[in-house]
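Each chain, letter by letter, is given below.
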Amino acid sequence: MAIEVRAAGPAERTAVDALHEREWGGPYVIAHDTRYDLRTLPTLAAVDGAGAVVGALAHRVDAEGLEVVSVVAAVSGGGVGTALLSAATATAAAAGLTRVWLITSNDNLRALRFYQRRGMRLVRVDRGAVDRARLLKPEIPLVGEDGIPLHDEVVLELLTGVQGQPAGRSAAPWISLTTDDGPGRGGPR
């Protein structure tokens, strides 16, 4: 299927809103303790050869880069999500932004596979974020996909290119665990 990704305009709004209604139960999503109205965010629309909207990616820009707030596809597995994420990355790079990032919930194993296969890296877990989100959006279920309790947000990122560092590699600092197991212990074995 040929897919064109472009900035969503008034002609695409009704179809984009319908996708958000199907996926999120309306125009509102909660991410990192913030309630977003998807209708107010810049949106990329994926359009098929017949002109039908088959996907949408809502995003925002801040000091941390381009945040993907929502990605929806009419049908999974058709390349819509990949095309939208590629367009968002190109949008970020064109604006001089070095980071594309997003959150998903701990139960969303399909999304975790999808994003990592496209070069995104896990950078943080916000424990209890979904529990807090229920205070703003009570209809968020307690149990998510595959019967997994829904509690946490997982942050993923893709770097669009940082001077001296290849794109796609995380800029997060490395972590070292140093222990004192006594003389002669804890070293290379």
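Just so you know, these numbers come straight off a predicted model, no measurement behind them. (Residues numbered from 1 in each chain as written. Predicted model: local features only at pLDDT ≥ 70, side-chain atom pairs only at ≥ 80, totals over all residues. Heavy atoms only, no water.)

Student: Help me understand unusual backbone geometry, please; the structure alone is not making it clear to me.
Tutor: A negative phi angle is the norm for most residues apart from glycine, just as the trans form is the norm for most peptide bonds. Of note, His 32 is a non-glycine position whose phi angle comes to about 40°, a positive value. Secondary-structure assignment places His 32 in the loop between β2 (28-31) and β3 (34-37). One non-glycine residue with positive phi stands out, namely Asp 146, at about 60°. Positionally, Asp 146 belongs in the loop between α4 (129-136) and β9 (153-159). On the accessibility criterion, Asp 146 (65% relative accessible area) is exposed. (Helix = DSSP H or I, 4+ residues; strand = E, 2+ residues; numbered from the N terminus. Buried < 20%, exposed > 50% of the residue type's maximum accessible area, 1.4 Å probe, protein only.)

Student: I tried to follow the packing of aromatic side chains on my own but got confused; where do I start?
Tutor: Aromatic rings considered in pairs are described by the distance between their centres and by the relative angle of their planes. Evaluation of the coordinates by the stated rule reveals one aromatic pair. Residues Phe 114 and Tyr 115 carry aromatic rings whose centres are separated by 5.1 Å and whose planes lie at 75° to one another, so their mutual orientation is edge-to-face. For Phe 114, a relative accessible area of 21% puts it in the partly exposed group. Since its relative accessible area comes to 11%, Tyr 115 is described here as buried. (Phe/Tyr/Trp six-rings, centres within 6.5 Å; stacked < 30°, edge-to-face > 60°.)

Student: What should I look at first to understand the nonpolar core in this one?
Tutor: Counting residues in hydrophobic clusters, the biggest one holds 22 residues, and the most contacted among them are Leu 66, Val 68, Tyr 115, Met 120 and Leu 156. Secondary structure elements with two or more residues in this core: β4 (43-48), β5 (53-62), β6 (65-73), α2 (80-94), β7 (99-105), α3 (109-117) and β9. Examining the composition of this core, we find that six residues originate from one element, α2, more than from any other. Beyond its immediate stretch of four places on either side in the chain, Tyr 115 contacts Val 71, Leu 85, Leu 102, Met 120 and Leu 156. Residues Tyr 36, Val 69, Trp 101 and Ile 103 belong to the second largest nonpolar core, which totals ten residues. (Core = buried A, V, L, I, M, F, W, Y, C linked by side-chain atoms within 4.5 Å. Contact = heavy atoms within 4.5 Å.)

Student: Any chance you could explain the pattern of salt bridges here in plain terms?
Tutor: Oppositely charged side chains can form a pair if their charged atoms are brought close together. Per the stated rule, a full pass over the model turns up 13 salt bridges. The partner of Arg 60 in a salt bridge is Glu 67, with the nearest N and O atoms 2.6 Å apart. Like Glu 67, Arg 60 is buried. Residues Glu 157 and Arg 99 are paired through a salt bridge, measuring 2.5 Å at the closest nitrogen-oxygen approach. Of this pair, Glu 157 sits in strand β9 while Arg 99 sits in strand β7, and the two are 58 residues apart along the sequence. There is no split in this pair, since Glu 157 and Arg 99 are both buried. One connected set of salt bridges, linked through shared partners, spans Glu 4, Arg 6 and Glu 12. (Salt bridge = Lys/Arg side-chain N within 4 Å of Asp/Glu carboxyl O.)

Student: Is there a simple way to think about helix α1 (residues 10-24) in this case?
Tutor: An α-helical segment advances 3.6 residues per turn. Residues three or four places apart therefore align on the same side. Here α1 is 15 residues long and its end C-alpha atoms lie 21 Å apart, about the 21 Å a rise of 1.5 Å per residue gives. Turning to α1, its buried residues number three or more, namely Glu 12, Val 16, Leu 19 and His 20. Buried residues of α1, viewed axially, fall in a sector of 100°; they line one side. On the buried face of α1, the contacting elements are β1 (3-7), β4, β5 and β6. Within two residues after α1, Gly 25 carries a phi angle of roughly 80°, on the positive side. (Expected span 1.5 Å × (residues − 1). Arc of directions from axis to C-beta.)

Student: Even after reading the chapter, I still don't get the environment of Arg 117, so can you show me in this structure?
Tutor: Note that Arg 117 resides in helix α3. Of the residues examined, Arg 117 reaches a relative accessible area of 67% and is grouped as exposed. Between the C-alpha atoms of Arg 117 and Thr 82, which are 35 residues apart in sequence, the distance is 9.9 Å.

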